[in-house]
Amino acid sequence: MQIQKTSLPGVLVLVPRRFGDDRGFFCESWSRKTLHDAGLDLPEFVQDNHSLSAAAGTLRGLHFQAPPHAQGKLVRCGRGRLFDVAVDIRKGSPTYGQWTGCELSFENGRQLWIPAGFLHGFVTREPDTEILYKCTDYYAPDCDGSVVWDSIGIDWGIAGRPILSAKDAAAPSLNEFDSPFTYEGPFDYEARL
Ligand SMILES: Cc1cn([C@H]2C[C@H](O)[C@@H](COP(=O)(O)OP(=O)(O)O[C@H]3O[C@@H](C)C(=O)[C@@H](O)[C@H]3O)O2)c(=O)[nH]c1=O
């Protein structure tokens, strides 16, 4: 398992080991023990999500759940290719409003760890792209929130407008948004990695 820091402290790229053979490959896509041995203890995951986006250029986000149901997410791509993005929305954070992104694909097997206190969104780069992610809290529609995709200066790598849900198209901009998260200092694991 490789663990790589990103430009946003707290957000990590994880690359599980793949064992290839004549049949294809095998990989442990999640192992609490392997991560613990590498110095990374993530919160407990309680829900796994899976979605399919039929067309390339489909953008879902930027989403969060507010406390007390804030979610950390461990994201990977099951089929196809997508560009996954995290944005720090913790008030008082030295990196408030900053974003980082990573291409996740079936081919590269990368995963992105996005802690609570960050927006999450992605755009698909191939038709029929599947995303799979583990969440640290259950879906709580009353705590669901979003920020519009084009109010942060993210380079999504797309030409023209993406395909959006009506809800995502009508989301507030980052400037209009009052974040429910507050910065509580650096994540313990950053110093250990
Ligand atoms: C997120 C979610 C949605 N739903 C339902 C609500 C709705 O009827 C339908 C589709 O929901 P949405 O349009 O919100 O789906 P989607 O736009 O794919 O939302 C997801 O986007 C990515 C970026 C995330 O980070 C996720 O946490 C989630 O917010 O699924 C659940 O039952 N459980 C869930 O956990």
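In the block above lies the structure referred to throughout.
Every chain is numbered independently, its residues counted from 1 as its sequence is written. For this predicted model, a pLDDT threshold of at least 70 governs which residues receive local features, and a threshold of 80 or more governs which side-chain atom pairs are given and counted, while totals over whole chains, interfaces and linings are taken from all residues. Computation of side-chain values covers all heavy atoms of the structure but excludes hydrogens and water.

Chemist: How do you make sense of unusual backbone geometry when you look at a structure like this?
Modeler: Most peptide bonds adopt trans geometry, and most residues besides glycine take a negative phi value. The omega torsion of the bond from Gly 61 to Leu 62 falls at 0°, within 30 degrees of zero and hence cis. For helices the rule is a DSSP run of H or I covering at least 4 residues; for strands it is a run of E covering at least 2, with both sets numbered from the N terminus onward. Mapped onto the elements of the fold, Leu 62 is located in strand β6 (residues 59-65). That bond from Pro 67 to Pro 68 is cis: its omega, 10°, falls within 30 degrees of zero.

Chemist: Is there a simple way to explain the sheet that holds β6 in this structure?
Modeler: Strand pairs in the sheet, formed through backbone hydrogen bonds, run parallel or antiparallel to each other. Strands were regarded as paired on the criterion that DSSP finds at least two bridges between them. Spatially, five strands are ordered β10-β8-β12-β6-β14 in an open sheet, and the strand pairing comes out antiparallel. In this open sheet, the two strands that pair with only one neighbour each are β10 (99-105) and β14 (144-146). Averaged over all neighbouring strand pairs, the angle between strand axes comes to 25°, with direction disregarded. Alignment of β6 against β14, held across three bridges, turns out to be antiparallel. Within the sheet, the bridge partner assigned to Gln 65 lies in β14 and is Asp 144. Between N-to-C directions, angles cover 0 to 180 degrees, with each direction set by a line fitted to C-alpha atoms, over the stretch in contact for helices.

Chemist: Honestly, the site of the ligand in this entry has me stumped. Any pointers?
Modeler: Throughout, near means a residue has at least one heavy atom within 4 Å of the molecule or strand. Looking at the ligand, the residues that line it are Gln 47, Arg 60, His 63, Lys 73, His 120, Tyr 133, Tyr 139 and Lys 167. Counting of polar contacts relies on pairs of N or O atoms within 3.5 Å, with two restrictions inside protein: one atom must be capable of donating a hydrogen and the other of accepting it, and residues adjacent in sequence are counted only when both atoms are side-chain atoms. One nitrogen or oxygen atom from the side chain of Gln 47 is found 3.0 Å from an oxygen atom belonging to the ligand. Separating an oxygen atom of the ligand from a side-chain N or O atom of Arg 60 is a distance of 2.9 Å. The Shrake-Rupley method, run with a 1.4 Å probe, gives the accessible areas here. Residue values count only the displayed protein chains as cover. Taking 660 Å² as the accessible area of the ligand by itself, protein coverage stands at 65%. Each residue gets one label: Ala, Val, Leu, Ile, Met, Phe, Trp, Tyr, Cys and Pro are nonpolar, Asp, Glu, Lys and Arg are charged, and the others, such as Gly, are polar. Taken together, the residues of the shell around the ligand break down into two nonpolar, three polar and three charged.

Bear in mind that shape data such as this cannot, by itself, settle questions of function.
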